[in-house]
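Structural overview
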Amino acid sequence: MATRWSLTIDCAQPAKLARFWALALGYVEKPPPAGFDSWEEWFAHHDVPEEEWDEGAYLSDPDGVGPDLSFLQVPESKVVKNRLHLDVQVGGGRGTPWEVRWPRVVEAVERLTAAGATVIRQDDLRERPDHVVMADPEGNEFCLV
């Protein structure tokens, strides 16, 4: 049996970055833990100082399949290239015919650029576009495939 896991992303503005990734992945705000009506109630129950309540944001896959995502505020900014990145398979992944997949990738590039992402580069394979390397609003790299 596999171990359940989640991904935590350090950032400057957790709520803003969570909104971006919710759009990019089709995720939703993670509901508060069982037994609590709100995250604020959970924070208070666990004695988290009120001034820290906005230092995190949490997303989950609405279908319950993908990992949960946490966005935690840290004081330092991103300085170097990620050692881990997401391949967001907006086109269906490389198993999807290129003629179907590539227009989906182009649409996602436009949508995510409008939401604050930047294009780093487009990589080609066999003389045609294959994937786009992008950065989220805080500079974290990811690929659209």
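My aim in this report is to walk through the structure given alongside it, one point at a time. Just so it is clear, the model here is predicted, and its values are computed rather than measured.

Considerations on the environment of Lys78
As for its position among the elements, Lys78 is in the loop between β4 (68-73) and β5 (86-88). Taking the C-alpha atoms as reference points, Lys78 and Ala15, separated by 63 residues in sequence, lie 17 Å from one another. If near-sequence neighbours (up to four positions away) are discounted, Lys78 is found in contact with Glu138, Gly139, Asn140 and Glu141. In terms of polar contacts, Lys78 uses its side chain to reach the backbone carbonyl oxygen of Gly139, at 3.4 Å. A polar contact of 3.3 Å, which involves the side chain of Lys78, links it to the side chain of Glu141.

Concerning unusual backbone geometry
Here Asp47, not a glycine, exhibits a phi torsion of approximately 60°, which is positive. Mapped onto the fold, Asp47 is located in the loop between α2 (39-45) and β3 (56-60). The exposed category is assigned to Asp47, whose relative accessible area is 67%. Of note in this structure, Glu127 is not a glycine but carries a positive phi near 65°. Mapped onto the secondary structure, Glu127 falls in the loop between β6 (118-125) and β7 (128-135). Residue class for Glu127 comes out exposed when judged on its relative accessible area of 84%.

Definitions and cut-offs
- Residues numbered from 1 in each chain as written.
- Predicted model: local features only at pLDDT ≥ 70, side-chain atom pairs only at ≥ 80, totals over all residues.
- Heavy atoms only, no water.
- Helix = DSSP H or I, 4+ residues; strand = E, 2+ residues; numbered from the N terminus.
- Contact = heavy atoms within 4.5 Å.
- Polar contact = N/O pair within 3.5 Å; in protein donor to acceptor, adjacent residues only side chain to side chain.
- Buried < 20%, exposed > 50% of the residue type's maximum accessible area, 1.4 Å probe, protein only.

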